[in-house]
Amino acid sequence: MTALRSVPVASPERSVQALLPRAAAIPTQYLSPDGNLTEQGRGAPIDDALMTTMFRDMYLGRRLDQQALNLQRQGELGLWLMSLGQEASQVGSIRALRDTDYVFPSYREHVAGLCRGLTPTQLLSQWRGVVHAGWDWEATRFHFYSLVLGSQTLHATGYAIGLKHDGVDDVVLTYVGDGATSQGDVNEALNWAAVNDAPIVFFCQNNNWAISTPNRAQYRGALHRRATGFGLRSYIVDGNDALAVHDVTQAAVSHARNGGGPVFIEADTYRMAGHSTSDDPRRYREDAETEVWKARDPITRLELYLRASGVDDDYFSEVRAEGDDLAESVRKACLQLEEPVLTDLFSKVYAEQHPVMDLQHAEHLRFLSTLEAAQ
Ligand SMILES: Cc1ncc(C[n+]2csc(CCOP(=O)(O)OP(=O)(O)O)c2C)c(N)n1
Ligand SMILES: [Mg+2]
């Protein structure tokens, strides 16, 4: 790959800022939507290899997401929660962690999971209904998805306090949505993390919607400012700018790692697809709004930057070919996933065998025998 050369500085995005529905500080932005370095971005550390890695991560993550959506539409997955548009938030943040740091996701962090080394099969299996959770969190340090909004922020805070007591310098990062910040759990987690100086980063993907509830109906003050009120250091960043997200998260992680206490990052982004495959966003939002955000697409933005910086077609062709292979292998692997064994229902509830589970298993076997007798 050729060395990157500098690209022109962008003009401020006044029109897009005017569309933001809340009183927020201007988010840190290094790359403008047309792929130019902003004034802030010109002072930012730019690592050529990281930039191409993050492009590849985002591109592959989007291909996985699209293939999973297709599989659900064809009846092969029960449900899928799309990450379309949120790739820079996920890639920029997870790439700022060490492999030994812990991640407590919400439920749409497939792109981050892929970067962490989870296989597409692991990521899909829960949504095909063949496992309760698809991976080994101890090996990956990427915890299971939590569908109970905000609960993961409490688990993450407790874990971070534990790490502090253990005297290790690993950090916890937890993903949370804008809507979930209305849960008491999240507010308790922020407060408890602050008073314990926990080594944790709360990464809020503010995608502007909580299913059909727009964030203007959810809160009025800016989310990052709420965290400041709890005593956390907080940032707001353009969540569609992988470079800025990475740099801001790196600053947050190093603050937490060095004993500075918890940090909250609000990543200003947008869910370009529906909430899940069970949702039709055309019922509650205007196409014009989505169009505004399409023009801020995180992948196009980085591609424009890379092309202007001298990265040639060969690189993009290679990544696209890799995406084609990934999409095909995801489909095959999904269709080959083995059906669960019913007895696992009783043997995998507790780490060790449990008498109540034994009773339930015996009851179930008795029930099956009545079915056989009736035939
Ligand atoms: C405790 C709880 N209440 C309600 C729900 C139903 N629910 C699922 S997703 C969702 C919206 C969440 O929005 P947000 O936190 O912004 O995350 P996003 O889906 O936008 O990523 C709601 C209300 C739930 N899963 N858990
Ligand atoms: Mg949301």
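Structure: see above.
Throughout, a residue's number is its position along its own chain's written sequence, starting from 1. Chain labels run from A onward and ligand labels from 1 onward, assigned in the order the entries are written. For this predicted model, a pLDDT threshold of at least 70 governs which residues receive local features, and a threshold of 80 or more governs which side-chain atom pairs are given and counted, while totals over whole chains, interfaces and linings are taken from all residues. Think of the side-chain values as coming from all heavy atoms in the structure, minus any hydrogens and water.

### Re a nonpolar patch on the surface
By definition, no residue in a patch forms a salt bridge, and every one has over 30% relative accessible area; like charges are joined within 9 Å, nonpolar side chains (Val, Leu, Ile, Met, Phe, Trp, Tyr) within 5 Å. With residues, only the protein chains shown are counted as cover, and all accessible areas are computed by Shrake-Rupley using a 1.4 Å probe. One speaks of a salt bridge when a side-chain nitrogen belonging to Lys or Arg is within 4 Å of a carboxyl oxygen belonging to Asp or Glu. A cluster of nonpolar side chains, namely Leu365, Phe367, Leu368 and Leu371, defines an oily patch on the protein surface of about 350 Å² accessible area. By the element assignment, phenylalanine 367 lies in helix α16 (residues 355-374). Runs of E in the DSSP output that reach at least two residues are strands. Runs of H or I that reach at least four are helices, and both are numbered from the N terminus.

### Details of the coordination of the magnesium ion (ligand 2)
Note that water is not among the atoms considered, so a metal site may appear incomplete; the donors listed are N, O and S atoms within 2.8 Å of the metal, with 3.2 Å applied to Na, K and Ca. The coordination sphere of the magnesium ion (ligand 2), as far as protein atoms go, consists of Asp178 (OD), Asn207 (OD1) and Trp209 (O), spread over 2.1 to 2.2 Å. For the magnesium ion (ligand 2), the single-chain donor residues occur in sequence as D-x28-N-x1-W. For the pair shown, asparagine 207 and tryptophan 209 are each scored as buried. With a 1.4 Å probe rolled over the protein chains alone, any residue whose accessible area is under 20% of its type maximum counts as buried; one over 50% counts as exposed, and the rest are partly exposed.

### Considerations on the packing of helix α3 (residues 48-73) against helix α14 (residues 313-335)
Fitted lines through C-alpha atoms serve as axes, helices being fitted only where they are in contact, and the angles separating the N-to-C directions of these axes extend from 0 to 180 degrees. Here α3 crosses α14 at 35°, and the two axes come no closer than 9 Å. You can see that α3 and α14 cross each other, and the crossing is right-handed. Split into classes, the residues belonging to the contact of α3 with α14 amount to 13 nonpolar, 5 polar and 7 charged. Note on convention: the crossing is left-handed when the near helix lies turned anticlockwise from the far helix by less than a right angle, right-handed when the turn is clockwise. Nonpolar residues are Ala, Val, Leu, Ile, Met, Phe, Trp, Tyr, Cys and Pro. Charged residues are Asp, Glu, Lys and Arg, and all others, Gly as well, are polar.

### As for the packing of aromatic side chains
What characterises a pair of aromatic rings is the spacing of the ring centres plus the angle enclosed by the ring planes. What counts as a ring pair is set by centres within 6.5 Å for rings of Phe, Tyr and Trp (its six-membered ring), and what kind of pair is set by the plane angle: stacked under 30 degrees, edge-to-face over 60, tilted for all other angles. Inspection of every chain in the model, using the stated rule, returns 15 aromatic pairs. Aromatic side chains tryptophan 209 and tyrosine 284 sit 5.2 Å apart centroid to centroid with 50° between the ring planes, which places their arrangement in the tilted category. With a gap of 75 residues between them, tryptophan 209 in strand β4 (residues 209-210) and tyrosine 284 in the loop between β7 (263-268) and α12 (287-294) connect regions that are remote in the sequence. Classification of tryptophan 209 by relative accessible area gives buried; the value is 6%. Each residue in the set Trp80, Trp127, Trp135, Phe142, Phe144 and Tyr145 is aromatic and connected to the rest through ring pairs, giving one cluster. The positively charged end of arginine 307 is found above the aromatic ring belonging to phenylalanine 316, 4.1 Å away from the centroid. Think of it as a cone above the ring: NZ of Lys or CZ of Arg counts as a charge over the ring if it is within 6 Å of the ring centre and within 35 degrees of the ring normal.

### Let's talk about the packing of helix α8 (residues 151-166) against helix α9 (residues 184-195)
Each pair of packed helices can be described by the angle between their axes along with the distance between the axes. Look at α8 against α9: their axes get within 7 Å of each other, and the N-to-C directions meet at 15°. One finds that α8 runs roughly parallel with respect to α9. Between α8 and α9 the crossing geometry is left-handed. Contacts between α8 and α9 involve Ser151, Thr153, Leu154, Thr157 and Ile161 from the first element and Asp185, Val186, Glu188, Ala189, Trp192 and Ala193 from the second. Here the residues of the contact of α8 with α9 are counted per class, giving 6 nonpolar, 3 polar and 2 charged. Under this scheme an angle from 65 to 115 degrees is roughly perpendicular, one under 35 degrees roughly parallel, and one over 145 degrees roughly antiparallel; angles in between are oblique. Any two residues having at least one pair of non-hydrogen atoms within 4.5 Å are treated as being in contact.

### Side note on α14
Given a helix with a known number of residues, its expected span is that number minus one, times 1.5 Å. Taking 1.5 Å per residue, 23 residues should reach 33 Å; α14 reaches 33 Å between its end C-alpha atoms and fits that length. Within α14, the full set of buried residues consists of Tyr315, Phe316, Val319, Gly323, Leu326, Ala327, Val330 and Cys334.

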